[in-house]
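Listed here are the chains, written in short residue letters.
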Amino acid sequence: MKKIQSQIQTGSAVYQENRRTMLTQLKLISDLGLMQEKSRSKRQVTQHVKKGKWLVMDRINALIDAETDFLELSPLAGVDLYEDALPKGGIVTGVGQIEGIECMIIANDATVKAGTYFPITVKKHLRAQAIAEKNRLPCLYLVDSGGAFLPRQAEVYPDRDHFGRIFFNQARMSAKGIPQIAVVMGSCTAGGAYIPAMSDETIIVKKQGTIFLGGPPLVKAATGEESSEEELGGGDLHTRMSGVADYLARDDAHALLLARECVASQKNSLKTRQRHRTLYGRSESHAPAYSEDELLGLVSMSSQKTFDILELIARISDGSQFHEFKPRYGKSLRCGFAKIDGFEVGIVANNGILFSESALKGTHFIQLCDKRGIPLVFLQNVVGFMVGRHYEKEGIAKHGAKMVTAVSTTRVPKFTVIVGGSYGAGNYAMCGRAYDPNFLFIWPTARTSVMGSEQAATVLTQIKADQYQRTGNVMSEAERVEIREHILKKYDNEGAAVYSTARLFDDGIINPKETRKILSRCLAVAHDADPSFEGSFGLFRM
Ligand code: COA
């Protein structure tokens, strides 16, 4: 494989300005995280700890193997979505190793509105389950929640991707042999009671965990029967009489130990199954020849200022090596084979606008990776597909559709990182959120929207001006400026990485320096992934 020759001038004014902007954005994001933490209700934290319960991150750290990293997903979910702050969306999700097995951990944070489910909480829980199902990760639910956030019931209860979907997912994953383990460490009421009830194995903490369909006040109102929480749904009742839970733990520490034992007891069967699957290739890892720190000055916040995507590949691939496919054809899309931390991957990366040839090349390359069983990494920096009479005449829509077909139906794991702009159908062809990548991350300065703010402002101002013209009126300059400014502002806000991550359009904002490390972890996680689509590709429009 050929080594990429970097041309970056780290002393240049452009590089230095990009780097300053990136560091500012990283600081803003870290401050946002701290602010979220500070917004936690002190009363609820004190009350939680007083009950002898551990805080959610302490629970997770005790559950995973010592000295291993927890790959937390979407830590900024929920930012600025509701009147009250909802740190992390009220739930912590992420991938952690237990007994050397990669697992999905989904843990309620009872110090945030009693761990109740807001719309974003439900979305985050379901996304974590989707990742688990796609990558065949055992699920551990650390339950401590007041269930649905009742004032918002219409946004969390009735629809397909609402609260009920959690249990549907549990049943289906269990059927596929993906372990479902619940640890009831606090409240677990009404619909929430189904999380432990639907699990393969359930642990409950003595005199702390409760499971019931209706709490004491509801029961009293409904039937007049009076009972304490413990009598109605405590650990003793459920492990000795009802059988809703399987193991009684003394406290949080003991419960988490039992959860680790549940994973350990199936370690051999999980490992054996893993060995019998088609494993994606991995060999010895080599560091890139160029410093990953240099990624901080690579991109500008403006999509007008471009950069060579090979510079990024040079800083994430082993030895900075890249075997480029069709290097002389459709050059606005760079495709090729590389290794990331020893994992074989096919990289599809934008280097400008997408033309018909770039889409054809991308489609061909995705087919190659699919047939060879090589996972795909998409590096997005795309303003979209080329427009204009010439391009429509040559059928750019059907060529783009081929790439979208290939991305939609390939069986190999897919990983997407939005590093610059991600606009229009370019986002689709490059495996955006709707195309089910196993994981999707975004850089702090990246932007995503249906089109760029300038273009949207121009289109909408023109539409308004045409309307005026049809009725014999003329749009004033002040009106034109007002419409334009409004759209520019709206797109600037909605296109930002923080806006995206708060709403779970991605799995988290990442520091560019950690792109290789995070991709490597995700590749390791996806090693046991089930080819989700057994057939061949869909029909390519020729
Ligand atoms: N919907 C909306 N808000 C809820 C809620 C729910 N299901 N459960 C709790 N809350 C809110 C409380 O109003 C309170 O809000 P505030 O801080 O703004 O005052 C906050 O969450 C903390 O609740 P609190 O009761 O003080 O916490 P706790 O630790 O003493 O008790 C529970 C926690 C979960 C045992 C208790 O709140 C409870 O029983 N909630 C109702 C559970 C239920 O019936 N759920 C049905 C869902 S279908």
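One can find the structure itself at the top, above this paragraph.
### Points about the overall build of the protein chain
No. 1: For the protein chain, the helix and strand inventory stands at 21 helices and 15 strands.
No. 2: For a compact globule of 542 residues, the expected C-alpha radius of gyration is about 24 Å, and the protein chain comes in at 25 Å, within 12% of that figure.
No. 3: Once the C-alpha set of the protein chain is aligned to its principal axes, its extents read approximately 75 × 65 × 50 Å.
No. 4: In the protein chain, which comprises 542 residues, the share counted as buried stands at 53%.
No. 5: Taking contacts inside the protein chain between residues at least 6 apart in sequence as the whole, the part at least 24 apart equals 76%.
No. 6: Distance from the positive charge centre (67 side chains) to the negative charge centre (60 side chains) of the protein chain: 5 Å.

### Some remarks on the sheet that holds strand E5 (residues 139-145)
No. 1: Reading across the sheet, the 7 strands line up as E2-E3-E4-E5-E6-E7-E8 and stay open at both edges, with mixed pairing between neighbours. Looking at the sheet topology across the chains shown, the edges are occupied by strand E2 (71-73) and strand E8 (247-249). Across the sheet, the axes of successive neighbouring strands diverge by a mean angle of 20°, strand direction being ignored.
No. 2: Inspection of the sheet shows strand E3 (residues 91-98) paired to strand E4 (residues 101-108) by 8 bridges, in the antiparallel sense. Each bridged residue has a counterpart across the sheet, and for Ile91 the counterpart in E4 is Asn108.

### A look at a nonpolar patch on the surface
No. 1: Taken together, the side chains of Val459, Leu460 and Ile463 make up a nonpolar region of the molecular surface, amounting to roughly 220 Å² of accessible area.
No. 2: In this fold, Val459 is placed in helix H18 (residues 453-470).

### Considering the pairing of strand E14 (residues 439-442)
No. 1: Residues Phe439 and Phe441 line one face of E14 and the alternating positions Leu440 and Ile442 line the opposite face, and both faces are buried.
No. 2: Sheet topology note: the strand E13 (residues 414-423)/E14 ladder contains 4 bridges and is parallel. Bridged to Phe415 within E14 is Phe439.
No. 3: Traced from E13 through helix H17 (residues 424-429) to E14, the parallel crossover comes out right-handed.

Cut-offs used in this document
- Residues numbered from 1 in each chain as written.
- Predicted model: local features only at pLDDT ≥ 70, side-chain atom pairs only at ≥ 80, totals over all residues.
- Heavy atoms only, no water.
- Helix = DSSP H or I, 4+ residues; strand = E, 2+ residues; numbered from the N terminus.
- Rg over C-alpha atoms; globule rule 2.2 N^0.38 Å.
- Buried < 20%, exposed > 50% of the residue type's maximum accessible area, 1.4 Å probe, protein only.
- Contact = heavy atoms within 4.5 Å.
- Lys, Arg positive; Asp, Glu negative; His and termini not counted.
- Charge placed at Lys NZ, Arg CZ, Asp CG, Glu CD.
- Pairing = 2+ DSSP bridges.
- Axes fitted to C-alpha atoms, helices over the stretch in contact; angles between N-to-C directions.
- Patch = residues over 30% accessible without salt bridge, like charges linked within 9 Å, V, L, I, M, F, W, Y side chains within 5 Å.
- Areas by Shrake-Rupley, 256 points an atom, 1.4 Å probe, with all protein chains shown as cover.
- Salt bridge = Lys/Arg side-chain N within 4 Å of Asp/Glu carboxyl O.
- Right-handed = clockwise from strand over helix to strand, strands pointing away.

Any functional reading would require information that these geometric values do not contain.
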